[in-house]
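Remarks on the overall topology
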Amino acid sequence: MRRSLARRTDLPWSLMALGLCGLLGCGGDDGDPAGPDEGALEIVAVTIGGAADPDGYTVSLGRTGATTWSLPSNGSLVIPSLPPGADTLTLGDVAAECLVGDGVEHPVTIVAGGTTRLELNINCPASPLEVTAGTTGSDPDQDGYDVTIDGSVQGQLPPNGGVLAFPFIGGTYAVGLSGVSRNCTVSGENPRTVTVDPDHPITVHFDVACNPSGSLVVSVATSGDPDPDGYVVRLNGGPPSGIDVGGGKFDFLLPGEYTVVLSDVAPHCTLSGAGTKTATVVSGGEATVGFTVTCGAMVAAAPGRDLVLEAGNEVYLLGAGGGRFVNLTNDPDQDFFPAWSPDGGTIAFTSGHDVFVEPMVRHFISHVFTMNADGSGRTQLTDGLKEQGFSYSPDGGRIAYVGATADTSLHLFVTDADGSHQRELAPVDPKSRFVEGGPAWAPAGTRIAYARPFSDQPGIYVIDADGGAATRLTDGIDFAPAWSPDGSRIAFVRSVADVGNGIYVVPAGGGGLTRVASAAQAYTDPSLSWSPDGRKIAYAQDGSVYSVNPDGTGSVRLTFGPLAGLPSWSPDGARIAYFIYSTTDTRLFLMNPDGSGEAPLTPAWALGRPSSPAAWRP
């Protein structure tokens with residue numbers, strides 16, 4: 001069960017009548033005995049509702065540090081041998097749908113020689129929204145359906161007999177089914193608008209009828225240096241579907257004649273004959289249509305601007321128009337996260353290696369370096385234990401980075417671009433670990449956003465670049481902050497336990513979050529890229545690159561081939577660079593913002609997957 005601390009709310013009067021028992025003299029000495037200089041605390045949980053949490057809760061006391069105790073959903077717990085005095089009890093491990101009267105934190109006073117009694121009232125209402133589906137027909141959809149809430153996938157249903165419950169507090173939602181096979185039809189409106197009332201649970205049922213179907217095989221005979229992201233096929237003018245260089249198969253098609261259009265052929269490849277053909281699909285049969293593509297040698301050249309990228313733990317330069325793909329670092333260390341200075345004169349990157357700090361204890365030590373665009377003039381800027389997430393200030397005069405100190409705790413630092421005047425701004429996390437997205441400078445250059453995903457108060461924070469108190473904008477396991485070009489908003493990635501990652505946007509001054517892409521989806525990488533005009537965000541989802549409006553509308557899938565990710569918008573907004581990964585190699589690609597015009601930019605390399613997007617020269 002996914003959990004979060006329940007929000008503070010008031011319970012109905014009938015629950016409040018149970019009340020919070022007086023903190024002094026309420027329970028007597030009926031708990032475990034306590035010595036004359038110690039006291040005891042008895043906690044009683046009273047949970048009602050149809051969705052009572054079966055595994056109970058945890059409780060902790062402020063003065064006992066990280067110690068926790070288990071509390072049953074309906075039952076009591078006695079904590080003996082506590083020092084007398086004021087303390088604060090925190091109730092944890094509360095299911096998201098449960099509401100705690102008077103909140104999860106309660107002041108208590110431990111009395112020497114006595115037992116203090118505290119009663120907690122929790123209401124866990126049954127899920128007010130359930131979604132079911134029933135499928136009929138001779139050729140049903142075998143893999144089930146996706147359930148969408150307001151356009152975002154929130155779970156999966158089998159064709160028959162499944163129930164998906166949502167613990168929404170209330171409101172109006174558009175509930176629908178997606179992922180339905182081509183030979184199946186959803187009866188009635190899809191999606192449907194429903195109003196959720198916690199006091200009156202509602203079930204939304206979808207009937208799906210499936211007709212007999214056939215299959216269509218699209219074969220492509222490809223020769224030469226093939227386009228590794230394959231091709232795109234449209235059937236009868238429908239949505240695009242990706243196939244590999246050898247072709248693909250389309251199942252669950254209704255019988256009839258189909259117009260097959262093959263597109264997205266790379267510039268160095270030529271389609272022989274017509275790109276549009278027809279085929280007839282019959283019930284229970286398999287039709288075939290074939291195409292021939294001949295590819296020449298691919299030329300590696302960036303479109304108008306140089307790009308730097310990571311390939312096999314080395315930094316490479318892809319030269320604009322000149323066909324250059326050059327290793328700039330070429331050393332035994334691991335080099336990654338390359339980025340251009342704002343004036344395009346230098347490249348900053350992280351470089352590191354494993355060292356044995358003592359026998360059988362190995363650490364990865366890394367630092368921020370700079371070098372000229374041709375790889376010369378390599379200079380080490382930082383000298384801590386581990387620095388691996390950084391960004392230039394908009395004027396290029398300073399670099400913010402996250403680094404580990406001698407005690408392995410992570411902190412946010414700022415240094416001049418030449419490595420001088422290093423200063424610590426704020427703590428990040430208690431222990432050193434991989435930094436998911438470095439700090440990000442606001443476009444005005446006065447503030448820095450950074451992530452604290454593994455701290456005791458996780459979230460996205462903003463701090464003045466010259467220091468001071470940080471402002472916490474979010475309260476989740478959030479990372480990879482990215483400012484909008486006008487500095488008004490920050491996009492970030494949120495990790496949700498047992499679910500995956502999601503894309504969110506928060507106002508730069510704090511406020512309500514906007515979910516841009518569903519947290520029910522798994523992402524191939526945590527990267528985000530705003531379009532230069534701030535109207536779109538490119539991101540990776542389920543092995544494809546998408547773009548979406550910052551308000552969460554207008555999500556468009558841009559790639560349909562093999563696994564793709566790490567998108568990076570060009571400075572003029574005319575192109576998006578991204579990586580494609582296969583089981584044997586990796587390659588940098590380019591496309592238009594609408595997903596058309598896909599073209600490989602680099603040769604394929606069997607050097608592993610990059611850690612960060614390719615960086616365009618300003």
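Along each chain, the written sequence defines residue order, and numbers are assigned to residues from 1. Thresholds applied to this predicted model are a pLDDT of at least 70 for local features of residues and 80 or more for the giving and counting of side-chain atom pairs; totals over whole chains, interfaces and linings are not thresholded and use all residues. Based on all heavy atoms of the structure, the side-chain values leave hydrogens and waters out of the count.

**Quick word on the side chain of Arg452**
Rule in force here: Counting from the N terminus, the helices are DSSP H or I runs at least four residues long and the strands are E runs at least two residues long. Categorising residues by exposure relies on relative accessible area from a 1.4 Å probe, with only protein chains included: less than 20% of the type maximum marks a residue as buried, more than 50% marks it as exposed, and the intermediate range marks it as partly exposed. The sign given to each residue is positive for Lys and Arg and negative for Asp and Glu; His and the chain ends receive no count. Salt bridges are identified by distance alone: a Lys or Arg side-chain nitrogen within 4 Å of an Asp or Glu carboxyl oxygen. Each polar contact in these results corresponds to two N or O atoms within 3.5 Å; when the atoms are within protein, one needs to be able to donate a hydrogen and the other to accept it, and residues that are neighboring in sequence are counted only if both atoms are side-chain atoms.
One can find Arg452 in the loop between strand E38 (447-451) and strand E39 (460-464). Although buried, Arg452 forms no salt bridge, and the nearest oppositely charged side chain, Asp456, lies 4.4 Å from it. Among the polar contacts made by the side chain of Arg452, one reaches the main-chain carbonyl oxygen of Val428 at a distance of 2.7 Å.

**Here we look at the state of the cysteines**
Formally: Disulfide assignment relies on a single distance test, namely cysteine sulfur atoms paired within 2.5 Å.
In total, this model carries two disulfides according to the counting rule given. Linked covalently through their sulfurs, Cys184 and Cys210 form a disulfide whose S-S length is 2.1 Å. Taking the torsion about the S-S bond as the criterion, the Cys184 to Cys210 disulfide, at about 110°, is right-handed. Of the two residues, Cys184 sits in strand E15 (residues 184-186) while Cys210 sits in strand E17 (residues 202-210), which places them 26 residues apart along the sequence. Here Cys269 connects covalently by a disulfide to Cys295, the sulfurs 2.1 Å from one another. Disulfide Cys269-Cys295: torsion about the S-S bond near 105°, hence right-handed.

**Digging into the sheet that holds strand E13 (residues 163-166)**
Worth spelling out the cut-off: Strand pairing is assigned whenever DSSP detects at least two bridges linking the two strands. Angles shown run from 0 to 180 degrees and are taken between the N-to-C directions of axes, each axis being a line fitted to C-alpha atoms and, for helices, limited to the stretch in contact.
Across the sheet, four strands lie side by side as E13-E10-E17-E15; this open sheet has mixed pairing. Every other strand in the sheet has two partners, leaving E13 and E15 as the edge strands with one partner each. This sheet shows a mean twist of 25° between the axes of neighbouring strands, independent of strand direction. Pairing geometry for strand E10 (residues 129-137) and E17, over nine bridges, is parallel. By the bridge assignment, Gly134 is partnered in E17 with Asp207.

**Focus on the nonpolar core**
Inclusion rule: Side-chain atoms within 4.5 Å link the members of a nonpolar core, which is a set of buried Ala, Val, Leu, Ile, Met, Phe, Trp, Tyr and Cys residues. The criterion used for residue contact is that any of the two residues' heavy atoms lie within 4.5 Å.
In terms of nonpolar packing, the biggest core is built from 28 residues, with Trp483, Ile490, Ile503, Leu528 and Tyr539 touching the most fellow members. Among residues more than four places away in sequence, those in contact with Ile490 are Ala449, Val462, Leu473, Pro481, Ala482, Trp483, Tyr504, Val505, Val506 and Ala508.

**Some words on the pattern of salt bridges**
Within the structure shown, the criterion is met by eleven salt bridges. Note that Glu119 is salt-bridged to Arg117, the shortest N-O span being 3.8 Å. Residue classification places Glu119 among the buried positions, given a relative accessible area of 11%.

**Description of the confidence of the model for the chain**
Going by this rule: The predictor attaches a confidence to each residue, called pLDDT, with possible values from 0 through 100.
Here the chain shows a mean pLDDT of 82. Residues at 70 or above account for 85%. Here residues 1-34 is modelled with pLDDT under 50, and outside its nearest four sequence neighbours on either side it reaches 78 contacts, counting other chains as well. Across residues 519-524 the pLDDT falls below 50, and counting only partners more than four positions away or on other chains, this stretch makes 32 contacts in the model.

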